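# Coordinate analysis (summary)
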Amino acid sequence: MSTTIISIETPSLGDRSYLAHDGEVAFVVDPQRDIDRVLDAAAKAGVRITHVFETHIHNDYVTGGYALAQETGAAYFVNAEDEVSFERTGIRDGDVVEVSPQMRVRAMHTPGHTFTHLSYVLEGPDPAVFSGGSLLFGSTGRPDLLGEDHTHALARHQYSSARRLATELSDDTKVMPTHGFGSFCAATSAGGDTTASTIGRERMINPVMSQDEEDFVADTLAGLDAYPAYYVHMDPANASGPSASDLSEPERADKDQLRRRLEAGEWLVDLRTRTAFAKGHVPGTFNFGLDGQFATYLGWLIPWGTPVTLLGESRDEVAEAQRELSRIGIDRPAAAATGRPEDWTNSPLAELPSADFADLAQVRHHRPVTVLDVRRVSEWRDGHIDGAVHLPIHDVVTRMDEVPEGEVWVHCASGYRASIAASLVAATGRRVVVVDDSFDGSAEAAGLPIVTDQAAASA
């Protein structure tokens, strides 16, 4: 019987987990903390999970590996060199685990994303490699998450590891990475919309296969941009053997409790779309829509440990947001409320005016306004509106005093990040307009002067 591999997607974090089975038993690679999804997949396939493999101590989410092993009685494989505080089965380069007569898994040491990173090769007639944060689709995992002192060494390791995979594995070997689907753990986004790949394909299209080592290292380091601030909390959480997500319903908050929480400086997060938020919201609340990378940006911006109350149109919205936050270690919302913004406050609702780049071009002819660009450094460097103020979204909270007083027009690449930033700026009392438009498609066409700033490369 051949092996079936099921991908379990986490689009909001840009990650995948995998369940592989032979019709009777299964192994899992890099499960997320909400292990109910893995258990449901196994139950639907009618298989028993006997082995769980961790490619590395993750930096972008809290693992479900330990909890899944505890729940199922599976053997839990973590690199023997990783310093962890829980019971595990240590595994090293070259070790082979016979999950079943049909499924043999061989560990390969592929450092680069971390020093102890392992890839797992499913051997047999239909081979696959679970490459974690090593070889990605058209890219590799970023080498800078362990700190600046290690980045150069890890970049060189990443080059060697990718080349080792390409040398030792056959062209028909399926490549099954954990990161690279919009994850900030990817060094670049070169994989595009690719959903599947093989060693043979990567050998043809992945820059790590065609560049020499010096060029690869230089290009990789030059392309690195900021990554979410919450990453710093993931390694210690994962090294301690985290529990499964607690997805029980949070406390329901009435108008008075919501007001008290706002006054106490807690974060009240409106989960609705930016269009709905713009039309009316509770003053002082922040818009992190569930239709984008909700957990990534909330986890990036919130002062760690600040209580979060979730405001959604339905209990399903709140439950989805709660699940997302549990994956990055924000364990329990302080409270939640559902319905419409009129149900959440006795005060008049606030509006957030929205516009497009053509409106911005027009208004600049009539009065002075501040254009606040909240895109990443790499995006700014490639082209921005002349005279704009650049404040990457991840710096808006800590550098709010750098946002000029007066009328502020906030934009990003498409509108999602702009709405987050605009809601944060508006909560300080400034007059804000959010530009809900495509920068690449509309800014220059509207007649706005676009300039590049190569000097920003060193920022």
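The text that follows walks through the structure, step by step, so that each part is easy to find. (Residues numbered from 1 in each chain as written. Predicted model: local features only at pLDDT ≥ 70, side-chain atom pairs only at ≥ 80, totals over all residues. Heavy atoms only, no water.)

Here we come to the packing of aromatic side chains. For the structure on display, the rule yields 19 aromatic pairs. Ring geometry for Tyr230 against Tyr231: centres 5.2 Å apart, planes inclined by 80 degrees, an arrangement best described as edge-to-face. Look at Tyr231 and you get buried, because its relative accessible area is 4%. Through successive ring pairs, a cluster of aromatic residues spans Tyr18, Phe27, Phe53, Phe77, Tyr120 and Phe130. Here the basic side chain of Arg375 rests over the ring of Phe439, its NZ or CZ set 4.1 Å away from the ring centre. (Phe/Tyr/Trp six-rings, centres within 6.5 Å; stacked < 30°, edge-to-face > 60°. Buried < 20%, exposed > 50% of the residue type's maximum accessible area, 1.4 Å probe, protein only. Lys NZ or Arg CZ within 6 Å of the ring centre and 35° of its normal.)

Pairs can form between side chains of opposite charge whenever their charged atoms are close. Applying the stated criterion across every chain yields a total of 34 salt bridges. The salt bridge involving Arg106 is made with Glu123; its shortest N-O contact spans 2.7 Å. A residue pair is termed long-range when its members are at least 10 positions apart, and Arg106 in strand 8 (residues 103-109) and Glu123 in strand 9 (residues 118-123) qualify at 17 residues. Judged by relative accessible area, Arg106 falls into the buried class, the value being 19%. In this structure, Glu407 engages Arg367 in a salt bridge whose closest nitrogen and oxygen atoms are separated by 2.9 Å. Taken together, the residues span a long stretch of sequence, with Glu407 in strand 23 (residues 407-411) and Arg367 in the loop between helix 12 (357-363) and strand 20 (370-373) at a distance of 40 residues. Judged by relative accessible area, Glu407 falls into the buried class, the value being 11%. One salt-bridge network, held together by shared partners, links Asp34, Asp36, Arg37, Arg323, Glu324 and Arg327. (Salt bridge = Lys/Arg side-chain N within 4 Å of Asp/Glu carboxyl O. Helix = DSSP H or I, 4+ residues; strand = E, 2+ residues; numbered from the N terminus.)

On to the sheet that holds strand 15 (residues 267-270), then. What holds strands together in a sheet is hydrogen bonding between their backbones, with the strands either parallel or antiparallel. The strand order 16-15-17-18 describes an open sheet built from 4 strands, whose pairing is parallel. Pairing within the sheet leaves two strands with one partner each, and these edge strands are strand 16 (286-287) and strand 18 (335-338). In terms of strand pairing, strand 15 meets strand 16 through 2 bridges, oriented parallel. Pairing of Asp270 across the sheet is with Asn287, part of strand 16. Running over the sheet, helix 11 (residues 315-326) touches strand 17 (308-312) and strand 18 and is turned about 145 degrees from strand 17. (Pairing = 2+ DSSP bridges. Contact = heavy atoms within 4.5 Å. Axes fitted to C-alpha atoms, helices over the stretch in contact; angles between N-to-C directions.)

The next subject is the sheet that holds strand 10 (residues 128-132). One open sheet holds the 6 strands; their spatial order is 7-8-9-10-13-14, and the pairing between them is mixed. Edge strands, defined here as strands with exactly one partner in the open sheet, are strand 7 (96-100) and strand 14 (197-198). As defined by bridge partners, strand 10 adjoins strand 13 (residues 174-177) across 3 bridges and the pair is classed as parallel. Paired with Val129 across the two strands is Val175, which belongs to strand 13. Lying on the sheet, helix 3 (residues 148-168) is in contact with strand 8, strand 9 and strand 10; it crosses strand 8 at an angle near 145 degrees.

All we've got here are geometric facts, nothing functional implied.
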